[in-house]
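Residues per chain, in single letters:
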Amino acid sequence: GQQVMQIPQYQHVQEGEDFTTYCNSSTTLSNIQWYKQRPGGHPVFLIQLVKSGEVKKQKRLTLQFGEAKKNSSLHITATQTTDVGTYFCAGKGGYQKVTFGTGTKLQVIP
Amino acid sequence: EPEVTQTPSHQVTQMGQEVILRCVPISNHLYFYWYRQILGQKVEFLVSFYNNEISEKSEIFDDQFSVERPDGSNFTLKIRSTKLEDSAMYFCASSEGLGLIQYFGAGTRLSVL
């Protein structure tokens, strides 16, 4: 079945440093969504990418969808303590269910 | 802003008991989902529901699980005979369409003793 892996599993950064998480799918995706889950909270939708090679920017977030539509990345510029949480990608391949990635837990040290 | 509502927020049950987790999806949404998240692990898909029937389910969603939309607003997940390993956070989500943004509820923490 479809597998979606993310690296790294954990990331500690100093406040102000940049952060990147990478998402890789075993199958081609029709779209990819990114969610953020604060500690003790529920996943909250951040952004969706649909087109091959698409790049979207949202404030300090930059998200990319690979040309082959099998990988994606989320980059945060100048992290803040409010960025703490786990970032999940979620991929949909054709009519298959949305499969969540393994997540990257971000810790920001003030 | 419309939101997905889940009750109860925490459910404690004895092993072997039946539990029903309840969700009220966003009113104009057509697709409904249940996910499970074991503490510290990733979000795992259980089942999707559309047009009053299951559209897809994972290998986790075995015969012990069932879903129902008993009326026009509620969406429930039933676990017939709970096991210790069913202890997890259960999230309900809904979306306007297949593959569109999923809005998650705050979750129900199920503790099986």
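See the structure printed just above.
Residues numbered from 1 in each chain as written. Chains lettered and ligands numbered in written order. Predicted model: local features only at pLDDT ≥ 70, side-chain atom pairs only at ≥ 80, totals over all residues. Heavy atoms only, no water.

Here we look at the sheet that holds strand β6 (residues 55-58) of chain A
Residues and elements named next belong to chain A.
Thought 1: Pairing is antiparallel across the open sheet formed by 5 strands, whose spatial order is β1-β3-β8-β7-β6. The sheet terminates laterally at β1 (4-7) and β6, the two strands that pair on one side only. The average angle at which neighbouring strand axes cross in this sheet is 15°, direction not considered.
Thought 2: Pairing geometry for β6 and strand β7 (residues 61-65), over 4 bridges, is antiparallel. The residue of β7 that forms the bridge with Lys 56 is Leu 63. (Pairing = 2+ DSSP bridges. Helix = DSSP H or I, 4+ residues; strand = E, 2+ residues; numbered from the N terminus. Axes fitted to C-alpha atoms, helices over the stretch in contact; angles between N-to-C directions.)

Some thoughts on the sheet that holds strand β7 (residues 65-68) of chain B
All names here are of chain B.
Thought 1: What the 4 strands build is an open sheet, ordered β1-β3-β8-β7; its pairing is antiparallel. Strand pairing shows two members of the sheet lacking a second neighbour, β1 (5-7) and β7, which therefore form its edges. On average, each strand axis in the sheet is inclined to that of its neighbour by 20°, with strand direction left out of account.

What about unusual backbone geometry?
Thought 1: Following Ile7(A), the chain continues to Pro8(A) via a peptide bond in cis, the omega torsion being -5°.
Thought 2: By secondary structure assignment, the location of Pro8(A) is in the loop between β1 and β2 (10-14).
Thought 3: Here the bond from Thr7(B) into Pro8(B) is cis, since omega is -10°, no more than 30 degrees from zero.
Thought 4: For Asn51(B), which is not glycine, the phi torsion reads 55° and is therefore positive.
Thought 5: If you trace the backbone, Asn51(B) turns up in the loop between β5 (44-50) and β6 (53-57).

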